[in-house]
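An overview of the molecular structure
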2 protein chains.
Amino acid sequence: MSTEQQPSPLAAGPEEAHRQYVIDLYGVMAYGELSAFERFSSDARFSPTLRDRAEIGRLAVTEFEHFELVSAELARMGVDVQAAMAPFQASIDAFHERTRPGDWYESLMKAYVADSVSGDFYRAIASRLDPQTRAVVARIKENDGQLALLTTRLSQALEGNERLASRLALWGRRLVGEALTQAQRIGIERAFLGALLGFDEPGAQETVTAELFADLTRNHSRRMNALGLTA
Amino acid sequence: MSTEQQPSPLAAGPEEAHRQYVIDLYGVMAYGELSAFERFSSDARFSPTLRDRAEIGRLAVTEFEHFELVSAELARMGVDVQAAMAPFQASIDAFHERTRPGDWYESLMKAYVADSVSGDFYRAIASRLDPQTRAVVARIKENDGQLALLTTRLSQALEGNERLASRLALWGRRLVGEALTQAQRIGIERAFLGALLGFDEPGAQETVTAELFADLTRNHSRRMNALGLTA
């Protein structure tokens, strides 16, 4: 990732600015989905049973299908998909490098956390998006039957296994921490995150970012509790 | 894989025997596609460009879609997909363990060889299958636009690169050799391969297998020559 700050898109007028935000949003989503696909499908091979391999494979493939959906939107806007993804590659790669699952359970938990945190994030920005973009984002989040699958699998594994529970609680905290660190890095380098969250006044950026992060953390704790974990 | 020989399905009458052959065929296809998906999607991450990553990702996902198609057929027949795949796991895993690509080009070549050799194999058995099964096999082979993609990418890479050409020629030979070794192992342990190839008379097995393998090798040489390689 370039360390240069992006010139403020607001200088170009509100329509062009919104277009640039959408390109950034799609770019980060596209690269996020593509790399999630690669990581989960690599992990699938270590699943304990053939049935788990098939299920985690499906989960990975759904990520790839989302990547294709977002790529198609970028292409429709006349934007080069590779160029749109490039600014987010370093942060997302860093997230994955720093959170390599040590086993199958950590891989499940990573998929679970990534899915639920990105779901929270999309919900937070949805009201700021134009209807077309909102529909694309909603389409991606709606076929998340995978969250239900992951919840079931994790609950089964955790049932009566105190040691695994405390290991996965710790792992979950680390995942959220790393995700927020990289999200913050993206938010500082690219203006879109802040703009989509709607801070138009000076000084609002810090407050809104802090609120969003507090929300994400709170939601994470709630979900960990639902799994019987202390987050 | 169990080292026991399977009881001859012919003892159970021709219809039951054909059913068992189809289950075996789908089982080997399903596990082949599932593991190809996992391997290619893991390799995708090492692609030189984001565009290549997306293209190899699509190729991997197509394998997974084939796995789902074959799984659905097995389920329709009332067969447990995991049970149908299990007998082929050891041979196919061994093939992959013995042919780990050293880089991106070897990964491309592996996809190319696996696709074209399995295509040859499916063509060889197609006339022996019932219409329903033949249609499933044809559907899987027809959306192989990926062979065209792989041919283009490999030709581009090989253009004027003598060193890569001789490395990939050697690698291609090794891939075919390993594929035939594992196919032979499957053919010996499971009766279906021979039966689908139609040797009803004693002694025909060796001849037909030898002919098929000679065909596969010849086709491989022809394709390597088309890429400008000496096979």
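Just above, that's the structure.
Scope of this entry: the structure provided in the associated data block. This is a predicted model, so every value here is computed, not measured.

Procedures and definitions
- Residues numbered from 1 in each chain as written.
- Chains lettered and ligands numbered in written order.
- Predicted model: local features only at pLDDT ≥ 70, side-chain atom pairs only at ≥ 80, totals over all residues.
- Heavy atoms only, no water.
- Helix = DSSP H or I, 4+ residues; strand = E, 2+ residues; numbered from the N terminus.
- Expected span 1.5 Å × (residues − 1).
- Buried < 20%, exposed > 50% of the residue type's maximum accessible area, 1.4 Å probe, protein only.
- Phe/Tyr/Trp six-rings, centres within 6.5 Å; stacked < 30°, edge-to-face > 60°.
- Salt bridge = Lys/Arg side-chain N within 4 Å of Asp/Glu carboxyl O.
- Contact = heavy atoms within 4.5 Å.
- Buried area = accessible area lost by both parts, 1.4 Å probe.
- Polar contact = N/O pair within 3.5 Å; in protein donor to acceptor, adjacent residues only side chain to side chain.
- Nonpolar A, V, L, I, M, F, W, Y, C, P; charged D, E, K, R; others polar.

1. Topic: helix H1 (residues 14-44) of chain A
Quick reminder: α-helices carry 3.6 residues per turn. Residues three or four places apart thus point the same way. End to end, H1 of chain A covers 44 Å across 31 residues, agreeing with the expected 45 Å (1.5 Å per residue, within 8%). Among the 31 residues in H1 of chain A, 24 count as buried, and that is most of the element.

2. Comments concerning the packing of aromatic side chains
Applying the stated criterion to the full structure yields seven aromatic pairs over all chains. Ring plane angle 55 degrees and centroid distance 5.8 Å describe the contact between Phe 121 of chain A and Tyr 122 of chain A, whose orientation is recorded as tilted. The residues Phe 121 of chain A and Tyr 122 of chain A share a single accessibility class, namely buried. Here Phe 64 of chain B and Phe 67 of chain B contribute two aromatic rings whose centre-to-centre distance is 5.4 Å and whose plane-to-plane angle is 50 degrees, an arrangement assigned as tilted. Separated by three residues within a single helix, Phe 64 of chain B and Phe 67 of chain B lie in helix H2 (residues 50-76), roughly one turn from each other. Phe 67 of chain B sits in the buried class, given a relative accessible area of 4%. The structure contains a cluster of three or more aromatic residues connected by ring pairs, namely Phe 37, Phe 64 and Phe 67 of chain A together with Phe 37, Phe 64 and Phe 67 of chain B.

3. Section: the pattern of salt bridges
Counted under the stated rule, the structure contains 28 salt bridges over all chains. We note a salt bridge from Glu 68 of chain A to Arg 58 of chain B, for which the minimum N-O separation is 2.8 Å. Of the two residues, Glu 68 of chain A is situated in helix H2 (residues 50-76) and Arg 58 of chain B in helix H2; the pairing between them involves two chains. According to the relative accessible area criterion, Glu 68 of chain A is partly exposed, its value standing at 27%. Overall, the relative accessible area of 26% leaves Arg 58 of chain B in the partly exposed class.

4. Quick word on the interface of chain A and chain B
On the side of chain B, 26 residues touch chain A, which itself brings 26 residues to the contact. Summing both partners gives a buried area of about 2200 Å² for chain A against chain B, and 57% of it is carried by carbon and sulfur. At the boundary of chain A with chain B, the tally comes to four salt bridges. At the surface where chain A touches chain B, the tally comes to eight residue pairs in polar contact (both at pLDDT 80 or more). Every element with two or more residues in the side of chain A that touches chain B is listed here: H1, H2 and helix H3 (81-85) of chain A. Ranked by the residues each element gives to the side of chain A that touches chain B, the list is headed by H2 of chain A, at twelve residues. Here the side of chain A that touches chain B is composed, by residue class, of twelve nonpolar, six polar and eight charged.

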